[in-house]
Amino acid sequence: MRKAPAIFLPLLLAACDMFDAPPPPPPPPPPPPRSAPAVAMYDRNTPRTFETAGKFNLSTPYRCSVDWSDQTIISAQPAGARDFQFERIDSGDSLPDIKVENLSAKDQTIDVVIRNLLKNTGIRLYYTETFQQTLSFEGISGNLGKVMELVSSMGNVYYSYDNRAKKLTLRRWSRWSLKAPAARDLVLAVEDALRGADLDDITVDWSVGEITFSGDTITEQTVRDTIARLTAEDIFVAFDMSVYRVEPKSGNIAWMDMLLAFNQDSVKLSQQGMIGRALVVGENVNHTSLNNFLAPRGKTTLISSGTFITPERWQGRFDIGRCSKDPYIETMLSVLSETRFDPKKEGIGRLSSTVVLRSGRRDMASYSMNLNLGDNILIIGIPTQYFAGSNRTDVSPNTELVVLISPRIIRIERPE
C-alpha cells in the first residue's frame, strides 16, 4: 500500500477537528433603527394678530403714566390756528391743464359724470365701488382739475390721479393727515377729541404730532368742525386718575375714618349717586396718602391709571381697559367728565364738573359738583361685583371700586 504524502496529513487532521469543534456563535443582531424624535402637534388656529401685539400702543407711556409727585394744576401750551394742518395724503398727481366746456348732467351717477368728463383726455377711470347718488347740473366750464374738484365734492367722493399710468381712481373715502402742535398734552387732547367723534382708525406719530386716519366726507366735515372748535378754545382740562379695587380685611371700609386720618376740612363735599358716593377732597388726599389710608384696612390693587384731556365744556372719556395690564372685570368701566372752568380774580378758579361712570352702554352713576382747582374727586362705594358677568364670581361681596380723579388746567397761548 502506498502511503499518503506527508503534506496531506495536517490538512486531514484539521478537517477532523472541524467536525469535533462546537459551531461558531451567531453574529450579533443588527442595532434597531434609530427612531425620529417626537414632535409636538397642534391644531391650526385661525390666522389673527396675537393679543399682546394687538394691544401695542405708542400712546400708552404718555396716557397711562401719571406723575402724582408733580401735579402742576395750571400749565400753558403755545398753539395757534396755523398749528393745525389738515390735508389729504392720497390725492396723487395734479390733473393735466385741459379746458372743460359746458359739462352737464341729468340724473347721472358720479361715475358716469366723470367718465363723460374724461372723454378724449386719454385718462382711464378706475373704481371698485357702486355709486348710487345722482347729479344734475348744467354748463360747468373751467380747468379739468377745478371741475373735477367741484364734481367730486357734489358726489361726496374723492379721486386720486396717477399721471404716469394716466389713471384716475374714484372712491368714497380718503386718507387724511392732521398735524397738531407737537406738545404731548395737545396731541393727547386731539386724539381724545377724534375718538370722541367716533374715529377709531387713528395712527399717531408722536415725534411730529401727526395723526393719520381714513374717512369719508362726513368724517372730513366732523374733523374740520372739531379743529375749528379746538383752535377757538383757550382752556383744556386734563384729568389724571387712578382706579383701585379694594378688598376689606373685614366688613366694609370705614370711610368715615377719613375725617380723622386727614382732618375734617379735607373732605369738602359729599354727594350720593345712583350707586356709590363722590367726595370733593383737598390736595392732601392724593395717590400716596389714599394708599396709606387703605393699606391697613384691606388689600388694594391698582386696576388702571392714566390721563385724558378735553377742551373745556367738552365731554371727555377714559376707558379703564386702555391703561390696564391685566383683564380685570372692572376694565369694562369708562369714566366720562365734562367740566367748566371759572377763573377767579381773587383765587385760582372754580370747576363745575359732571362725572359719569359707564359700564358698557349703561350709565351706572352720575355726579355733579363744584370744586376749587387743586381739589380732587374721590368716588367710593362702587360694588366690584357689579361688573361680574355671571351669578357666580371669585370677587368677595365687600370688594369695592375706588376712583381718584385730579383735574388740572392747560391754557392755550395764542400768538399775537
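Residues numbered from 1 in each chain as written. Predicted model: local features only at pLDDT ≥ 70, side-chain atom pairs only at ≥ 80, totals over all residues. Heavy atoms only, no water.

## Focus on the side chain of Arg408
Put simply, the test is: Secondary structure elements are taken from DSSP: a helix is a run of H or I of four residues or more, a strand is a run of E of two residues or more, and numbering for both begins at the N terminus. What qualifies as a polar contact is a pair of N or O atoms within 3.5 Å, subject to a donor-acceptor requirement within protein and to the restriction that residues adjacent in sequence count only when both atoms come from side chains.
By the element assignment, Arg408 lies in strand 20 (residues 400-413). Only 2.9 Å separates the side chain of Arg408 from the side chain of Asp240, close enough to count as a polar contact.

## So, the confidence of the model for the chain
Interpretation of the predicted coordinates at a detailed level should be avoided for regions scoring low in pLDDT. Applied cut-off: Per-residue confidence from the predictor is given as pLDDT, running between 0 and 100.
Within the chain, residue pLDDT values average 84, and 90% of them lie at 70 or more. Element-level mean pLDDT values for the chain span from 53 in helix 1 (residues 9-20) up to 95 in strand 13 (residues 277-281).

## Points about the state of the cysteines
Put simply, the rule is: Counting rule for disulfides: a pair of cysteine sulfur atoms within 2.5 Å.
Counted under the stated rule, the structure contains one disulfide. The disulfide partner of Cys64 is Cys323, and the gap between their sulfur atoms is 1.9 Å. In this structure, the disulfide formed by Cys64 and Cys323 twists by about -70 degrees around the S-S bond and is classed as left-handed. Taken together, the positions of Cys64 in the loop between helix 3 (60-63) and strand 1 (74-78) and Cys323 in the loop between strand 15 (315-319) and strand 16 (333-342) put the pair 259 residues apart, joining distant regions of the chain.

## Focus: the packing of aromatic side chains
The description of an aromatic ring pair rests on the distance of the ring centres and on the angle between the ring planes. What counts, and what does not: For Phe, Tyr and Trp, where Trp contributes only its six-membered ring, two rings pair if their centres lie within 6.5 Å, and the inter-plane angle classes them as stacked under 30 degrees, edge-to-face over 60, or tilted in between. Throughout, exposure labels follow a simple rule: accessible area from a 1.4 Å probe, protein chains only, divided by the maximum for the residue type, with under 20% read as buried, over 50% as exposed, and the rest as partly exposed.
Scanning all chains against the criterion turns up eight aromatic pairs. Centre to centre, the rings of Tyr158 and Trp176 are 5.7 Å apart; their planes meet at 80 degrees, and the pair counts as edge-to-face. Placement of Tyr158 in strand 6 (residues 158-162) and of Trp176 in strand 8 (residues 174-179) is noted, with a sequence separation of 18 residues between them. Given a relative accessible area of 2%, Trp176 falls into the buried group. Centroid distance Phe239 to Phe308: 4.8 Å. Interplanar angle 20 degrees. Geometry classified as stacked. With Phe239 in strand 11 (residues 235-248) and Phe308 in strand 14 (residues 298-311), this pair connects stretches of sequence that are 69 residues apart. In this structure Phe239 comes out as buried when scored by relative accessible area, which is 1%.

## Considerations on the pattern of salt bridges
The cut-off we apply is this: Just to be clear on terms, a salt bridge is a Lys or Arg side-chain nitrogen sitting within 4 Å of an Asp or Glu carboxyl oxygen.
As enumerated under the stated definition, the model contains 14 salt bridges in all. Here Arg313 makes a salt bridge to Glu233, at a shortest N to O gap of 3.8 Å. Taken as a pair, Arg313 in the loop between strand 14 and strand 15 and Glu233 in the loop between helix 7 (217-232) and strand 11 lie far apart in primary sequence, 80 residues in all. Its relative accessible area of 38% is what places Arg313 among the partly exposed residues. Salt-bridge contacts for Asp257 lead to Arg297; the nearest nitrogen and oxygen are separated by 3.6 Å. Pair noted here: Asp257 is in the loop between strand 11 and helix 8 (258-261) and Arg297 is in the loop between helix 9 (287-294) and strand 14, with a separation of 40 residues, a long-range link. Beyond isolated ion pairs, a larger network of salt bridges with shared partners links Arg63, Glu191 and Arg322.

## Focus: the nonpolar core
Test applied: Take the buried Ala, Val, Leu, Ile, Met, Phe, Trp, Tyr and Cys residues and link them wherever side-chain atoms come within 4.5 Å; each set so joined is a nonpolar core. We call two residues contacting when some pair of their heavy atoms lies within 4.5 Å.
Membership of the largest hydrophobic core comes to 34 residues, with the highest contact counts inside it found for Leu357, Tyr367, Ile379, Ile382 and Ile405. Excluding anything up to four places from it in sequence, Ile379 contacts Arg277, Ala278, Val355, Leu357, Tyr367, Leu401, Val402, Val403 and Ile405. Counting residues in each nonpolar core, the second largest holds 28 residues, with Leu186, Leu199, Leu230 and Ala238 among its members.

## Quick notes on helix 5 (residues 144-154)
In an α-helix, one turn spans 3.6 residues, which is why side chains three or four residues apart end up on the same side. Applicable threshold: Comment: arc refers to directions from the helix axis out to C-beta atoms.
Taken as a whole, helix 5 has its buried residues at Leu144, Gly145, Val147, Met148, Val151 and Ser152. The buried residues of helix 5 all sit within an arc of 160 degrees when viewed along its axis, so they share a single face. The inward-facing, buried residues of helix 5 abut strand 3 (99-109), helix 4 (110-117), strand 5 (134-143), strand 6 and strand 7 (167-171). Asn156, located one to two residues past helix 5, shows a positive phi value of around 55 degrees.

## Digging into the packing of helix 4 against helix 5
Stated precisely, the cut-off is as follows: Angles here are taken between N-to-C directions and fall from 0 to 180 degrees, while the axes themselves are lines fitted to C-alpha atoms, restricted in helices to the stretch in contact. Each angle is binned into one of four classes, with values under 35 degrees roughly parallel, values over 145 roughly antiparallel, values of 65 to 115 roughly perpendicular, and all other values oblique. Amino acid classes used here: Ala, Val, Leu, Ile, Met, Phe, Trp, Tyr, Cys and Pro are nonpolar; Asp, Glu, Lys and Arg are charged; the rest, including Gly, are polar.
The geometry of helix 4 relative to helix 5 is characterised by a closest axis approach of 11 Å and an angle of 170 degrees between their N-to-C directions. Judged on the interaxial angle alone, helix 5 and helix 4 are roughly antiparallel. Side by side, helix 4 and helix 5 meet where Ile110, Val113, Ile114 and Leu117 of the first sit next to Leu144, Val147, Met148, Val151 and Ser152 of the second. Here the contact of helix 4 with helix 5 is built from residues that sort into eight nonpolar, one polar and no charged.

## Remarks on the environment of Gln315
For Gln315, the position within the fold is in strand 15. With 41 residues separating them along the chain, Gln315 and Val356 place their C-alpha atoms 10.0 Å apart. Beyond its immediate chain neighbours, meaning those up to four positions away, Gln315 contacts Thr310, Leu336, Ser337 and Glu338.

## Quick notes on the pairing of strand 19 (residues 376-383)
To keep it simple, the criterion reads: At least two bridges found by DSSP between two strands is the condition for calling them paired.
Burial analysis of strand 19 places six of its eight residues in the buried class, the great majority of the element. Direction of pairing for strand 13 relative to strand 19: antiparallel, over a ladder of five bridges. Across the sheet, residue Ala278 finds its bridge partner in strand 19, namely Ile379. Across five bridges, the pairing between strand 19 and strand 20 is antiparallel. Bridge pairing in strand 20 places Leu378 opposite Leu404.

## Side note on the sheet that holds strand 10 (residues 210-215)
Strand pairing within a sheet occurs via backbone hydrogen bonds; the two strands may be parallel or antiparallel. Taken in spatial order, the four strands of this open sheet run 2-8-10-9, and their pairing is antiparallel. Strands at the two margins of the open sheet, each flanked by one partner only, are strand 2 (85-88) and strand 9 (202-205). The mean inter-strand angle of the sheet, taken between neighbouring strand axes irrespective of direction, is 20 degrees. As judged from the four bridges shared by strand 9 and strand 10, these two strands associate in the antiparallel manner.

## Structural notes on the environment of Leu371
Relative to the helices and strands, Leu371 resides in strand 18 (residues 362-372). Spatially, the C-alpha atoms of Leu371 and Ile73 are 13 Å apart, while their sequence positions differ by 298 residues. In contact with Leu371, other than residues within four places in its own chain, are Val280, Arg350, Leu351, Ser353, Ile377 and Pro407.

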